[in-house]
Amino acid sequence: MPYLVIEHLEEISDWLWLEYKHVSEWWKDKLIFTNVLPEEREKLAKLGSVIDESVTKFPFDRSKIIVLDLQAEEELKPEDIEEDTIIVVGGILGDAIPRGRTKEFITSKMEGVKVRHIGKPQFSIDGASIVARLIADGKRLEEIEYEENPTIRLDEFSEITLHYAVPKLDGRLLLTPGLIELQKRELGYTEVDEEISDEELIEFFEGKRELG
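If you're wondering where the values come from, they're calculated on a predicted model, not measured in any experiment. (Residues numbered from 1 in each chain as written. Predicted model: local features only at pLDDT ≥ 70, side-chain atom pairs only at ≥ 80, totals over all residues. Heavy atoms only, no water.)

A. Representation of the sheet that holds strand β3 (residues 49-50) in the model. Taken in spatial order, the 7 strands line up as β3-β2-β1-β6-β4-β7-β5 in an open sheet, and their pairing is parallel. The outermost strands of the open sheet, each flanked by one partner alone, are β3 and β5 (74-75). As paired elements, strand β4 (residues 65-68) and strand β6 (residues 86-91) share 3 bridges and run parallel to each other. Note on β6: the bridge partner recorded for Val67 is Val88. Contacting β1 (3-8), β4 and β6, helix α4 (residues 125-136) runs over the sheet at an angle of about 165° to β6. (Pairing = 2+ DSSP bridges. Helix = DSSP H or I, 4+ residues; strand = E, 2+ residues; numbered from the N terminus. Contact = heavy atoms within 4.5 Å. Axes fitted to C-alpha atoms, helices over the stretch in contact; angles between N-to-C directions.)

B. A look at the packing of helix α1 (residues 14-27) against helix α5 (residues 179-186). One way to put it is that α1 packs onto α5 with a least axis distance of 10 Å and a crossing angle of 175°. With respect to α5, the element α1 is oriented roughly antiparallel. Counted together, Asp14, Trp15 and Leu18 of α1 and Leu179, Leu182 and Gln183 of α5 form the full contact between these two elements. A class-by-class count of the residues in the contact of α1 with α5 yields 4 nonpolar, 1 polar and 1 charged. (Parallel < 35°, antiparallel > 145°, perpendicular 65-115°, else oblique. Nonpolar A, V, L, I, M, F, W, Y, C, P; charged D, E, K, R; others polar.)

C. How the structure looks around the sheet that holds strand β8 (residues 145-148). The 3 strands are arranged β8-β11-β12 in an open sheet whose pairing can be described as antiparallel. Looking at which strands have only one partner, the edges of the open sheet turn out to be β8 and β12 (172-173).

D. Representation of the pattern of salt bridges. Under the definition given, this model contains 7 salt bridges. A salt bridge links Arg133 to Asp137; its shortest N-O distance comes to 3.1 Å. Judged by relative accessible area, Arg133 falls into the buried class, the value being 18%. Linked by salt bridges that have partners in common, Glu74, Asp80 and Arg116 make up one network. (Salt bridge = Lys/Arg side-chain N within 4 Å of Asp/Glu carboxyl O. Buried < 20%, exposed > 50% of the residue type's maximum accessible area, 1.4 Å probe, protein only.)

E. Region of interest: the environment of Phe58. Along the chain, the position of Phe58 falls in the loop between β3 and β4. The partly exposed category is assigned to Phe58, whose relative accessible area is 28%. Phe58 sits 23 residues away from Asn35 along the chain, and the two C-alpha atoms are 9.6 Å apart.

F. Geometry of the confidence of the model for the protein. The predicted model of the protein averages 88 in pLDDT, with 86% of residues at 70 or higher. Least confident of the elements in the protein is helix α6 (residues 198-205), whose mean pLDDT is 61; most confident is α4, at 98. (pLDDT = per-residue confidence, 0-100.)

G. Main features of the packing of aromatic side chains. For the structure shown, the criterion picks out 3 aromatic pairs. Ring geometry for Tyr20 against Phe33: centres 4.9 Å apart, planes inclined by 50°, an arrangement best described as tilted. Remark: Phe33 occurs in strand β2 (residues 31-34) and Tyr20 occurs in helix α1; sequence separation between them is 13 residues. Aromatic pair Phe123 and Tyr146: ring centres 5.9 Å apart, planes at 75°, arrangement edge-to-face. With Phe123 in the loop between β7 (114-117) and α4 and Tyr146 in strand β8, the pair connects residues that are 23 residues apart, well separated along the chain. In this structure Tyr146 comes out as partly exposed when scored by relative accessible area, which is 39%. (Phe/Tyr/Trp six-rings, centres within 6.5 Å; stacked < 30°, edge-to-face > 60°.)

What follows is the structure, given as structure tokens:
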């Protein structure tokens, strides 16, 4: 199984932490964080290996590296990936309109690497990492389902729209675990039952189950 490198480029907010935890669940001991500040090492080490140096400076064999970049000309294919391949994802919380920050901060500084995209939509960090894992496991890009800008109902009056694509597996959205609860807290909901899972909440808002 290849390695996944997240070039860490943001402060560790609650949202970012949830995405990183989700990536860790998919990549386990093959996950590496680079460009990590000394005060962040202990926290990120709970999820994966940690390297202080930027991936753009670390002496990895660049012929083994694939950078996922929305602006790449070629799509990522299973045959691109070998056991010792290193797939690099930018640890960047995306904007509604992509600003090309992966190219600015990573791709432009790494001559000799392969650069690949995973389709036209912008994915979150964990979404891109999941798509990369599915392709590493043999799926082709056109076989991977996703939903662009999904709208999630918080209650009968409120909803949020995620301004990125979320991958799907067997017809189910692979939402970041804990994201709905985080959004409810940030929007001022005072009663969030921490025992209720994201899956249960989604089914409730779809009218498929009762809570309680």
